[in-house]
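Letter by letter, the chains look like this.
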Amino acid sequence: MLKTFSCQIVALILLVSLVLFSGCTGGPETANNSAPASPRELNEKNTPQVNEKPEELGMLIKVPFVPAEVVFVEQPAVAEPGRSPGPNDKKLRAVILYEKEDAEMLAAEAAKLAEPTAVEIDADTWFPAELVSQSELTEGQKLRGKAYPADMLFQAPYLAGTLVRIDETNYFVVEMFTR
């Protein structure tokens, strides 16, 4: 009787072990059961590749004067009001900081092309901290500035876009498109 009881306990332990470990086989039914991506991982995948090299920006567009700081992103263009991009179209968004004298000269040169217009633009999370902070002080978290034609910056393939000088700063936000 003791022998039968011991066999039943061993059989029960084996059965429980089999049930517990059957989900760990790594078979096709469990291969896709990976943990969902965290919000941080998803954000990192969707965050554009930020570049801070002025010489690389200078290969994409004309950069007048020597900038004190540059940060930019090049990515596929997306549909925007009045604009439907093709599959190979790109968008370039750059923030360029100049010394005060150079900023004044650039604004003066741009104003020769057309009278500047007051605009509000979105600040991206990769913008310099000063601009992100400034945007957080306004309703709608926008940056206010003066928009100019960006013709003096055009260089193939970027042949359309705007140049915005952010109010009360020496920062310019450049937005260019390949068509």
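Each chain has its residues counted from 1, following the order in which its sequence is written. For this predicted model, a pLDDT threshold of at least 70 governs which residues receive local features, and a threshold of 80 or more governs which side-chain atom pairs are given and counted, while totals over whole chains, interfaces and linings are taken from all residues. Based on all heavy atoms of the structure, the side-chain values leave hydrogens and waters out of the count.

Focus on the overall build of the protein
Here is step 1 of the chain: Helix and strand counts for the protein stand at 6 helices and 6 strands.
Here is step 2 of the chain: A run of H or I in DSSP counts as a helix once it spans at least four residues, and a run of E counts as a strand once it spans at least two, with each numbered from the N terminus. The order of helices and strands in the protein, counted from the N terminus, is α-α-α-α-β-β-α-β-α-β-β-β.
Here is step 3 of the chain: Taken over 179 residues, the protein has a buried fraction of 30%.
Here is step 4 of the chain: Split by element, the accessible area of the protein, about 11800 Å² in all, is 58% carbon and sulfur. The classification of residues rests on relative accessible area computed with a 1.4 Å probe and restricted to protein chains. Under 20% of the type maximum is buried, over 50% is exposed, and intermediate values are partly exposed. Per-residue and other accessible areas were derived by the Shrake-Rupley procedure at a 1.4 Å probe size, with only the shown protein chains allowed to occlude residues.

Quick word on the nonpolar core
Here is step 1 of the chain: With 22 residues, the main nonpolar core has Leu57, Ile61, Leu92, Leu163, Val174 and Met176 as its most contacted residues.
Here is step 2 of the chain: Those elements giving two or more residues to this core turn out to be helix H4 (54-60), strand E1 (69-76), strand E2 (90-97), helix H5 (100-113) and strand E6 (171-177).
Here is step 3 of the chain: The element contributing the most residues to this core is H5, with 4 residues.
Here is step 4 of the chain: Residues in contact with Leu57, not counting those within four places in the same chain, are Val63, Val70, Phe72, Leu92, Ala94 and Ile96.
Here is step 5 of the chain: The definition of a nonpolar core used throughout is a set of buried Ala, Val, Leu, Ile, Met, Phe, Trp, Tyr and Cys residues joined through side-chain atoms within 4.5 Å. Counting 14 residues, the second largest nonpolar core, distinct from the first, contains Val71, Leu131, Ala147 and Ile166. Residue contacts are counted whenever heavy atoms from the two residues lie within 4.5 Å of one another.

Considerations on the packing of aromatic side chains
Each pair of aromatic rings is reported with the distance of its centres and the angle of its planes.
Here is step 1 of the chain: Aromatic pairs are defined between Phe, Tyr and Trp rings, using the six-membered ring for Trp, whenever the two ring centres lie within 6.5 Å; interplanar angles under 30 degrees are classed as stacked, those over 60 as edge-to-face, and all others as tilted. With the rule as written, the count across this model stands at 3 aromatic pairs.
Here is step 2 of the chain: Taken together, a centroid distance of 4.9 Å and an interplanar angle of 70° make the contact between Trp126 and Phe127 edge-to-face.
Here is step 3 of the chain: You can call Trp126 buried: its relative accessible area is 13%.
Here is step 4 of the chain: Counting every residue linked through ring pairs, the aromatic cluster contains Phe65, Tyr98 and Phe172.

Observations regarding the confidence of the model for the protein
Regions with low pLDDT carry predicted coordinates that are not meant to be interpreted in detail.
Here is step 1 of the chain: Per-residue pLDDT for the protein has a mean of 80; in total, 68% of the residues score no lower than 70.
Here is step 2 of the chain: Of all secondary-structure elements in the protein, the lowest mean pLDDT belongs to helix H2 (residues 28-31), at 43, while E6 reaches the highest, 97.
Here is step 3 of the chain: In this model residues 14-45 is a low-confidence stretch, pLDDT under 50, and it forms 3 contacts with partners more than four residues away in sequence or in other chains. pLDDT runs from 0 to 100 and stands for how confident the predictor is about each residue.

Quick look at the sheet that holds E2
Paired through backbone hydrogen bonds, the strands of a sheet run either parallel or antiparallel to each other.
Here is step 1 of the chain: For two strands to count as paired, DSSP must find a minimum of two bridges between them. Ordered by their spatial adjacency, 6 strands build an open sheet running E1-E2-E6-E5-E4-E3, and the pairing between neighbours is antiparallel. Where the open sheet ends on each side, the last strands, each with one partner, are E1 and strand E3 (117-122). When strand polarity is set aside, the average angle formed by the axes of neighbouring strands in this sheet is 25°.
Here is step 2 of the chain: Where E3 lies against strand E4 (residues 142-149), 6 bridges are found, and the strand directions are antiparallel. The residue of E4 that forms the bridge with Thr117 is Ala147.
Here is step 3 of the chain: Against the sheet, helix H6 (residues 129-136) contacts E2, E4, strand E5 (160-166) and E6, and its axis sits at roughly 115° relative to E4. Only the contacting stretch of a helix is used when fitting its axis, a line to C-alpha atoms as for every element, and angles between N-to-C directions run 0 to 180 degrees.

Remarks on the side chain of Ser135
Here is step 1 of the chain: Structurally, the position occupied by Ser135 is in helix H6.
Here is step 2 of the chain: You can call Ser135 buried: its relative accessible area is 4%.

Comments concerning the pairing of E2
Here is step 1 of the chain: In terms of burial, E2 is a largely internal element, 7 of the 8 residues being buried.
Here is step 2 of the chain: Taken together, the 7 bridges between E2 and E6 define a ladder with antiparallel strand orientation. What sits directly across from Leu97, in E6, is Tyr171.

Topic: the pattern of salt bridges
Side chains that differ in charge, positive against negative, can pair when their charged atoms come close.
Here is step 1 of the chain: What makes a salt bridge here is a side-chain nitrogen of Lys or Arg within 4 Å of a carboxyl oxygen of Asp or Glu, nothing more. For the coordinates displayed, the defined rule picks out 10 salt bridges.
Here is step 2 of the chain: Here Glu175 and Arg93 are joined by a salt bridge, their closest N and O atoms 3.0 Å apart. Of this pair, Glu175 sits in strand E6 while Arg93 sits in strand E2, and the two are 82 residues apart along the sequence.
Here is step 3 of the chain: Taking the relative accessible area as the measure of exposure, Arg93 reaches 10% and is therefore buried.
Here is step 4 of the chain: Across the salt bridge formed by Arg165 and Glu104, the nearest N and O atoms sit 3.2 Å from each other. You can see Arg165 sitting in strand E5 and its partner Glu104 sitting in helix H5, a full 61 residues away along the chain.
Here is step 5 of the chain: What makes Arg165 buried here is its relative accessible area of 12%.
Here is step 6 of the chain: Salt bridges sharing common partners tie together Lys91, Arg93, Asp124 and Glu175.

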